[in-house]
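Here is how the chains run, residue by residue.
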Amino acid sequence: DINDSGNAVKRGGVYNYATNSFTPIDTNATSLYGINNNGDLLGGMPFLINGTTLEQAAYKTNGVWHPIGFFPNITDQGACSPGQISENGRYIAGQMSPDCCDYQAFLYNTTTGVLEKIANPANEYSAGYAVNNTGLIGGWYDPQPSGTLRVPAYMTTGSVITAVGPTLPVLSSINQVGAINNSNVMVGDFDGRPFIYNLATNTFSAYNAPTGYDQATFTSISENGIAVGYAQNIGAGGSIEREAIVYHPSLGSQPVFLTTILAAHGIPSVNTFDGKLGTAIAISPDGNFVCGWENGFFAFASGWVINFSNMLISDCYATCPQDINTVSLTGPQVVNYTVPITCPSHPNATVVLASGLASGSLFPIGTTHVVNNLMDTNGTVLNSCSFNVTIDDHYCNPMNPNQTVEPITLTQFADINNPSSDTSQVNYEDFTAIVGHVMRGTTYNAKFKGLTGGNFSDFISVFVDWNQNGYFDPTTEKYDIGSLTNSTGLDTVELRGTIAIPITAQLGTTTMRVMKNYDAASNVACFIPSGFGQVEDYKLVITDVLATKNTSETNFSHFPNPVNDILTLSCKMPLTTVTVYNVLGQTELQTKPNSLTTEVSLAQLPTGTYFVKMCSQNSEKTVKIHKL
């Protein structure tokens, strides 16, 4: 624990940041657990019963230690784990058991001397980890008789215990409210993700563990809303690797590493054995001091303290939402979001979209990264925030747990050409990063190869979600190409067919599924009926029919392709109209040159594939170009 003066406690004494000195624990105390801004200490004192010495919770105020005692009927198997002392010194919370097997949260009032068990008979166990100036406790309870599920909770006198979170945890049995400030804002972890819960607004916000880590938690929160904690991986043999994290809206929409913040302040590395800070365990109420310990067994690990000197967060920032994830069964989707501003020093500051799409825009299938800048009236960027919007199309799971993999080894369709392994043991291969481009009303050739597992016949079926409703309709969106017989997948045996793009196909990006099934064509897209075969998914971009008039290949020419900035077009007859479309069939630019040769600047277009439609009086031609 640590207070606003930079005085930090560890089990054996008090460290002073200003003097870089350490004061050992008093001889009549056994350990230290907490400190507040008054300098009150929370710790332990010996308790003797039946010849056995237990540790009881105790507190030191005005230089004097005071034990708080135990629940009634204490035995020599009793135990106590102090949690926290409130900033006003009035309350102490923790966990206590009078015997071997009844661990419950407790609340002790230092003014009245009343020790209260906080327990619900319907629950197995409970624990208090934190307490604020009103006596509101943060911790957990276990509703299961077997004692295997911790539910984050806050508790009040009278054994009123309230769960924190949208539901009961389902992925992790270790969950908690680890800290609570005097605004009744709580932090902890829920199903392996750090969270912040604001009791005043009944707002629960869960965050993601940083990339590269399996789980994370918040352990402490300051009065000005800065949360600290750690991200964690559990390796082979139960080894634990942690890295300290911090969260505040001015620092971004997700927790960031404390080492990243230090680097931004000119400290590029930390002097620990692994270059990591490990566990951040507490932040001072004013948000200036953070303390913790390096990776390694905590009883022997070195501790550390950071003083940010009012420079950890800014008073002027934009708050982006957390990442937005949604499933759309109808293709691209309109997404609305808000970016509130906190900026008392620049009351006229405004949010400007730096990249991505504005609120209310039609977001495409996939992930769009959105960046917003907070700018003053002079155009100076005061703060930036970012988040991702992911629109996911949802299709049935093609997995069959009892399936024997007989791989598809080649898929060719439109501009998709994907040879794949003949030894793959993966039932389902996600090739949606491979994108084909087709025009509705057009027929395309298709070719497939695959392993049949001997002198057997495997049938290829192709499903395409033309209406982009998230469902492969076997009556209107299925194509039976035929069968492969007695093939190794690498020989000359191949299957050819055609697929016509319906004139009514929905424009935009959709999913194509290729299914290989033994003995008969599959009538369903969700699993391999025979148990022998493989499934592959691809993306298709459907554009409109751009060419409808007679086309003479010799009338038109274009160069270069690929093109950097300037595309030169020519025709034997004057070009009346030139239109550039993106892969969704949307018009990017249009010009009417009325000349035999024209130059079109593509400099403002992003890198990607485009279609250029050239029209003269009697003919037209559409070509595909790639913009570098």
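Description of the structure in this document. (Residues numbered from 1 in each chain as written. Predicted model: local features only at pLDDT ≥ 70, side-chain atom pairs only at ≥ 80, totals over all residues. Heavy atoms only, no water.)

## Some thoughts on the environment of Asn 564
The topology assignment puts Asn 564 in the loop between β45 (556-559) and β46 (566-575). Judged by relative accessible area, which is 48%, Asn 564 ranks as partly exposed. Residues Asn 564 and Leu 605 lie 41 residues apart in sequence; the distance between their C-alpha atoms is 9.9 Å. Sequence-distant contacts of Asn 564, defined by excluding residues within four places in its chain, comprise Lys 627 and Leu 628. (Helix = DSSP H or I, 4+ residues; strand = E, 2+ residues; numbered from the N terminus. Buried < 20%, exposed > 50% of the residue type's maximum accessible area, 1.4 Å probe, protein only. Contact = heavy atoms within 4.5 Å.)

## Thoughts on the packing of aromatic side chains
Under the criterion given, the structure shown has 17 aromatic pairs. On the numbers, 6.0 Å between centres and 65° between planes, the contact of Phe 413 with Tyr 444 is edge-to-face. Residue Phe 413 is found in strand β36 (residues 408-413), and its partner Tyr 444 is found in strand β39 (residues 443-450); the two are separated by 31 residues along the sequence. Over the ring of Phe 22 we find Lys 10; its NZ or CZ atom is 4.9 Å from the centre of that ring. Arg 242 extends its terminal NZ or CZ atom over the ring of Tyr 230, reaching a point 3.9 Å from the ring centre. (Phe/Tyr/Trp six-rings, centres within 6.5 Å; stacked < 30°, edge-to-face > 60°. Lys NZ or Arg CZ within 6 Å of the ring centre and 35° of its normal.)

## What about the state of the cysteines?
Taken as a whole, this structure holds three disulfides when the rule is applied. Disulfide pairing places Cys 100 opposite Cys 101 at an S-S distance of 2.2 Å. Taking the sign of the S-S torsion, about -85° here, the bridge from Cys 100 to Cys 101 comes out left-handed. Cys 101 sits in the partly exposed class, given a relative accessible area of 46%. With its sulfur 2.0 Å from that of its partner, Cys 320 forms a disulfide with Cys 385. Across the disulfide from Cys 320 to Cys 385, rotation about the S-S bond amounts to roughly 65°, and the bridge is consequently right-handed. With Cys 320 in the loop between β27 (317-318) and β28 (324-327) and Cys 385 in strand β34 (residues 381-392), the pair connects residues that are 65 residues apart, well separated along the chain. Residue Cys 320 is classed as buried on the basis of its relative accessible area of 7%. The buried category is assigned to Cys 385, whose relative accessible area is 3%. Take Cys 615: it sits in no disulfide, and the sulfur closest to it among the cysteines is that of Cys 571, at 9.8 Å. (Disulfide = S-S within 2.5 Å.)

## What to know about the sheet that holds strand β25 (residues 289-293)
Within the open sheet, the three strands sit side by side as β24-β25-β26. Their pairing is antiparallel. The sheet is open, and its two edges are formed by β24 (279-283) and β26 (303-307), each paired on a single side. Across the sheet, the mean angle separating the axes of adjacent strands is 25° when strand polarity is ignored. Inspection of the sheet shows β24 paired to β25 by four bridges, in the antiparallel sense. Looking at the pairing, Ala 280 lines up with Gly 292 of β25. (Pairing = 2+ DSSP bridges. Axes fitted to C-alpha atoms, helices over the stretch in contact; angles between N-to-C directions.)

## A short note on a nonpolar patch on the surface
Residues Phe 297, Phe 298 and Phe 300 make up a contiguous nonpolar surface patch of roughly 430 Å² in combined accessible area. Note that Phe 297 resides in the loop between β25 and β26. (Patch = residues over 30% accessible without salt bridge, like charges linked within 9 Å, V, L, I, M, F, W, Y side chains within 5 Å. Areas by Shrake-Rupley, 256 points an atom, 1.4 Å probe, with all protein chains shown as cover. Salt bridge = Lys/Arg side-chain N within 4 Å of Asp/Glu carboxyl O.)

## Let's talk about the nonpolar core
In terms of nonpolar packing, the biggest core is built from 27 residues, with Phe 413, Val 462, Trp 466 and Met 512 touching the most fellow members. Counting only elements with at least two residues in this core, the list comes to β36, β38 (428-439), β39, β40 (457-464), β41 (478-485), β42 (495-500), β43 (508-518) and β44 (532-543). Beyond its immediate chain neighbours, meaning those up to four positions away, Phe 413 contacts Val 438, Tyr 444, Asn 445, Ala 446, Ile 499, Ile 501, Met 512 and Leu 540. If you look at the next biggest cluster of nonpolar residues, it comprises 17 residues, including Phe 556, Leu 567, Leu 569 and Tyr 610. (Core = buried A, V, L, I, M, F, W, Y, C linked by side-chain atoms within 4.5 Å.)

## Considering the sheet that holds strand β33 (residues 366-375)
Here we have four strands laid out as an open sheet, ordered β28-β34-β33-β31, and mixed in their pairing. Edge strands, defined here as strands with exactly one partner in the open sheet, are β28 and β31 (350-355). With direction set aside, neighbouring strand axes in the sheet form an average angle of 25°. In this structure, β28 lies alongside β34, joined through four bridges in parallel fashion. Its bridge partner being in β34, Ile 324 is matched across the sheet by Val 389.

## Some words on the pairing of β40
The buried fraction of β40 amounts to six of the eight residues, a majority that puts the element mostly inside the structure. Here β40 runs beside β41; their pairing, made up of seven bridges, is antiparallel. The residue of β41 that forms the bridge with Asp 458 is Leu 484. Here β40 runs beside β43; their pairing, made up of seven bridges, is antiparallel. The partner of Phe 463 across the bridge, within β43, is Arg 513.

## Notes on the pairing of strand β21 (residues 227-234)
Within β21, seven of the eight residues are buried, which leaves the element mostly enclosed by the surrounding structure. As consecutive antiparallel partners, strand β20 (residues 215-221) and β21 are separated by five residues, and within that stretch Gly 225 has a phi angle of approximately 85°, a positive value. Alignment of β21 against strand β22 (residues 240-247), held across eight bridges, turns out to be antiparallel. Bridged to Ala 231 within β22 is Glu 243.

## Quick word on the environment of Thr 367
Relative to the elements of secondary structure, Thr 367 occurs in strand β33. Under the relative-accessibility criterion, Thr 367 is labelled exposed at 53%. When the C-alpha atoms of Thr 367 and Ile 324 are compared, they prove to be 9.5 Å apart, with 43 residues separating the residues in sequence. Setting aside its immediate chain neighbours within four residues, Thr 367 contacts Asn 388, Val 389 and Thr 390. In this structure the side chain of Thr 367 is engaged in a polar contact, spanning 2.9 Å, whose partner is the side chain of Thr 390. (Polar contact = N/O pair within 3.5 Å; in protein donor to acceptor, adjacent residues only side chain to side chain.)

## A short note on the pattern of salt bridges
The tally for this structure, following the rule as stated, stands at nine salt bridges. Of the charged contacts, one joins Lys 447 and Glu 494 as a salt bridge, the two residues approaching to 3.7 Å between their closest N and O atoms. Taken as a pair, Lys 447 in strand β39 and Glu 494 in the loop between β41 and β42 lie far apart in primary sequence, 47 residues in all. Overall, Glu 494 belongs to the partly exposed group, its relative accessible area being 30%.

## A look at the environment of Asp 465
Positionally, Asp 465 belongs in the loop between β40 and β41. Using a relative accessible area of 0% as the deciding quantity, one classes Asp 465 as buried. Considered as a pair, Asp 465 and Thr 511 are 46 residues apart in the sequence and their alpha carbons are 5.9 Å apart. Each residue touching Asp 465, except ones within four places of it in the same chain, is listed here: Tyr 395, Gly 470, Tyr 471, Phe 472, Glu 477, Thr 510 and Thr 511.

## Comments concerning unusual backbone geometry
Looking along the chain, the bond that leaves Phe 559 and enters Pro 560 is cis, with omega of -10°. When you line up the elements, Pro 560 lands in the loop between β45 and β46. Going from Asn 561 to Pro 562, the amide bond is cis rather than trans, its omega being 10°. Looking at the element boundaries, Pro 562 is found in the loop between β45 and β46. With a phi angle near 65°, Asn 73 is a residue other than glycine that sits in the positive phi range. When you line up the elements, Asn 73 lands in the loop between β7 (64-67) and β8 (79-85).

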